Amino acid sequence: MHLATCVWQEKKAAAMGAAAGEWALSRASVWALLAAAGGALNCAVSFVVFSFLDVLDPVLCVVYKVVDYAVEAEWKPCYCSAAAREGGAGGGGGAAGTLFAPPRAAAAGPKVVRLSSSSANKMQVEDVSDTLYVRASLLSDATRKPGPSAPALTVSPAIAELIRGKMDRAPRPPRQAPCWSDCDCKQCHSWSTGSRCSHLYVHVQSPASTATATEAVVFIHGFISSSVFWTETVFPAFSPGARSKYRMFAVDLLGFGRSPKPAESLYTLREHLEMIERSVLQRYRLKSFHVVAHSLGSVLALALAVKYPDAVKSLTLLAPPYFPVPEEEAGSATQYVMRRVAPRRVWPPIAFGASMACWYEHVSRTICLTICRHHRVWDRLFRIVTRNRMRTFLIEAFMCHTHNAAWHTLHNIMCLSASKMGAYLDVVSNSLSCKVALFHGRDDELLPVDCTLAVGARVPRATVTVYDNKDHITIVVGQEELFAAQLEAIWTAAHHQD
């Protein structure tokens, strides 16, 4: 009887196990079907939405030209002019200047390499990304044949004139009044008075006695952000020992926060880097320093490390935007990075926002007009809704910039990083001895964790930390004390390494 009972129990357990296995398999199949259906729905809705934006953007171009002329008696130049594929050197012609493309540049795909009004007066504009003026519609991009682009320049005379007009004119005094579509509040426009137009805004946290400060740290924020990303998060979380030892410099990048926002700037990597040098390294006479950078700021941090290899003591990068370009995309590397950063999808929301900011010049200007110009209104509304129970520094961080600054920085730093990041990382790996630390949030929906893993593979000595359940912002916000402690450990290890 006992034997029969045992056999029955074993059969029952086996049957229950089989049923549980079938149920789990069925549940997994249901989730897979739901995920596939959700992906298909996302693709379908995205196609409709972005096809509409493809039509809306040129309409807004005309609207803004009319309004600009009515308000300011001149319209703001844009990159909407139809880019004509030029067949060879000198395609710009006339007043637009002459375009030159050496063979190695032609093989790399469509890109402005050099622009000049005469052979005796050549002007380098290799810092300008072709994604500014070559952005295919969703339909044409979807039907694009894989493989490298044709070796031809893709610049219209209007675009050449626009770039030359911005870079080849005599220096002008800073514009005293902001564009009608930009914010004119004291916080955003204070740089236009006095001598502040030549330096970035820098938040400095130093020990009470400068004699005790033995090391310096430069903090660089990411895209559409400002120094408050650091000063309101990790700065208050540092230990008393760190505050007494380190001088900390958090900059507002050119065009963001309280820093200058020149209307004539192209916001190239060279301009950003020169302003950091002038405003921090030269002004405060820094001979050696640590660098901490987030997102887009990582590109500037790497450029800084490559330019000052003996000065950088440690390099800490959070969510660096490194997308290794496949060989078949080598001819259009900047376009590849733009499609990765801004995939033209309505979900997740952060990808939707990045896509509108990157692909549509006038739609993104409308967003800046709605949000950035009225950031004080949004701040008040947020305070009312939350009854002052939540800190609002992120509103200042994400809304205090101009469209001109955001548009050019996104293309000339983020997209153009495709041609620079690999070389920078090789220099850091082979020629620098500083400590390198990488951090990323596993739930980052803007820059996937693969970006940081790729950087780690390129720089083998780098330490890689991936936070679970953290995204592009909460990698710092929400765990300030933990991250501050990790930074202190990195700086201490770098000091002992020296």
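Structure report, in brief. (Residues numbered from 1 in each chain as written. Predicted model: local features only at pLDDT ≥ 70, side-chain atom pairs only at ≥ 80, totals over all residues. Heavy atoms only, no water.)

1. Some points on the nonpolar core
Counting 77 residues, the largest nonpolar core has Ile-220, Phe-289 and Leu-315 as the members making the most contacts within it. Not counting the four nearest positions on each side in its chain, Leu-315 is found in contact with Val-291, Ala-301, Leu-302, Ala-305, Val-428, Cys-434, Lys-435, Val-436 and Ala-437. Grouped together as the second largest cluster of nonpolar side chains are 25 residues, Tyr-246, Ala-437, Val-476 and Phe-483 included. (Core = buried A, V, L, I, M, F, W, Y, C linked by side-chain atoms within 4.5 Å. Buried < 20%, exposed > 50% of the residue type's maximum accessible area, 1.4 Å probe, protein only. Contact = heavy atoms within 4.5 Å.)

2. A few points about a nonpolar patch on the surface
A cluster of nonpolar side chains, contributed by Val-377, Trp-378, Leu-381 and Ile-384, occupies part of the molecular surface with about 380 Å² of accessible area. Considering the arrangement of structural elements, one finds Trp-378 in helix α13 (residues 375-386). (Patch = residues over 30% accessible without salt bridge, like charges linked within 9 Å, V, L, I, M, F, W, Y side chains within 5 Å. Areas by Shrake-Rupley, 256 points an atom, 1.4 Å probe, with all protein chains shown as cover. Salt bridge = Lys/Arg side-chain N within 4 Å of Asp/Glu carboxyl O. Helix = DSSP H or I, 4+ residues; strand = E, 2+ residues; numbered from the N terminus.)

3. Remarks on empty space enclosed by the protein
In total, this model carries one cavity of 30 Å³ or more according to the counting rule given. Lys-76, Pro-77, Cys-78, Glu-361, His-362, Arg-365 and His-403 together form the lining of the largest cavity. In terms of residues, the lining of the largest cavity owes the most to one element, helix α12 (residues 361-371), which gives three residues. Taken together, the residues of the lining of the largest cavity sort by class into two nonpolar, two polar and three charged. (1 Å grid on protein atoms, 1.4 Å probe; cavity = no way out; pocket = protein on both sides within 12 Å on 5 of 7 lines; lining within 4 Å. Points joined across faces, edges and corners; volume = space filled by probe spheres on them. Nonpolar A, V, L, I, M, F, W, Y, C, P; charged D, E, K, R; others polar.)

4. Focus: the environment of Phe-393
Mapped onto the secondary structure, Phe-393 falls in helix α14 (residues 393-399). Sequence separation of Phe-393 and Thr-231 is 162 residues, and the distance between their C-alpha atoms is 9.7 Å.

5. Description of the pairing of strand β8 (residues 246-251)
Judged by how many residues are buried, β8 sits mostly within the fold: five of six residues are covered. Of the strand pairs in this sheet, strand β6 (residues 202-205) and β8 are connected by four bridges, and their pairing is antiparallel. When the bridges of β8 are listed, Val-202 appears paired with Val-251. Two elements, strand β7 (residues 215-220) and β8, share six bridges in a ladder whose sense is parallel. (Pairing = 2+ DSSP bridges.)

6. Structural notes on helix α8 (residues 269-282)
Taking 1.5 Å as the rise per residue, α8 with 14 residues should run 20 Å; its terminal C-alpha atoms sit 18 Å apart, in good agreement. Listing the buried residues of α8 in full gives Leu-269, His-272, Leu-273, Met-275, Ile-276, Glu-277, Ser-279, Val-280 and Leu-281. (Expected span 1.5 Å × (residues − 1).)

7. A short note on the layout of surface pockets
The computed volume of the second largest pocket comes to approximately 840 Å³. Lining the second largest pocket are 30 residues; nearest its centre among them are Phe-223, Ile-224, Gly-353, Ala-354 and Phe-398. Mapped by element, the contributors of at least two residues to the lining of the second largest pocket are α11 (349-359), α12, α14 and α15 (403-414). Broken down by element, the lining of the second largest pocket gets its largest block of residues, five residues, from α15. The residue makeup of the lining of the second largest pocket, split by class, is 21 nonpolar, nine polar and no charged.

8. Topic: the side chain of His-375
By secondary structure assignment, the location of His-375 is in helix α13. In this view, His-375 contacts Cys-183, Cys-185, Cys-188, Ile-395, Met-399 and Cys-400; residues no more than four positions away in its chain are not counted.

9. As for unusual backbone geometry
The linkage connecting Trp-347 with the following residue, Pro-348, adopts the cis geometry, with an omega of 5°. Mapping Pro-348 onto the fold places it in the loop between α10 (333-341) and α11. Although it is not a glycine, Ile-224 sits at a positive phi angle of roughly 35°. Here the phi dihedral of Arg-344 falls at roughly 55°; this positive angle occurs in a residue that is not glycine. Here Arg-344 lies in the loop between α10 and α11. A relative accessible area of 2% places Arg-344 in the buried class.

10. With respect to the sheet that holds strand β11 (residues 435-441)
Strand order in the open sheet formed by seven strands is β6-β8-β7-β9-β10-β11-β12, with mixed pairing between adjacent strands. Strands with a single pairing partner mark the edges of an open sheet, and in this sheet they are β6 and β12 (463-467). Here the average twist between neighbouring strands, direction ignored, is 15°. Lying on the sheet, helix α9 (residues 297-307) is in contact with β7, β9 (289-294) and β10 (312-318); it crosses β10 at an angle near 160°. (Axes fitted to C-alpha atoms, helices over the stretch in contact; angles between N-to-C directions.)

11. Quick notes on the packing of α8 against α9
The geometry of α8 relative to α9 is characterised by a closest axis approach of 10 Å and an angle of 70° between their N-to-C directions. Judged on the interaxial angle alone, α9 and α8 are roughly perpendicular. Where α8 crosses over α9, the handedness of that crossing is right-handed. Where α8 approaches α9, its residues Leu-269, His-272, Leu-273, Ile-276, Glu-277 and Leu-281 are matched on the opposing element by Val-299, Leu-300, Ala-303, Leu-304 and Lys-307. For the contact of α8 with α9, the per-class residue count stands at eight nonpolar, one polar and two charged. (Parallel < 35°, antiparallel > 145°, perpendicular 65-115°, else oblique. Left-handed = near helix turned anticlockwise from the far one by under 90°.)

12. What about the packing of aromatic side chains?
Counting across every chain of the model gives 16 aromatic pairs. Ring centres 5.3 Å apart and planes at 55° place the aromatic pair Phe-219 and Trp-230 in the tilted group. Of the two residues, Phe-219 is situated in strand β7 and Trp-230 in helix α6 (residues 228-231); the sequence distance between them amounts to 11 residues. Of the two residues, Phe-219 and Trp-230, neither departs from the other in class, the shared state being buried. Between Arg-344 and the ring centre of Trp-359, over which it is positioned, the NZ or CZ distance is 3.5 Å. One residue, Arg-365, lies across the ring of Tyr-64, its end atom 4.4 Å from the ring centre. (Phe/Tyr/Trp six-rings, centres within 6.5 Å; stacked < 30°, edge-to-face > 60°. Lys NZ or Arg CZ within 6 Å of the ring centre and 35° of its normal.)

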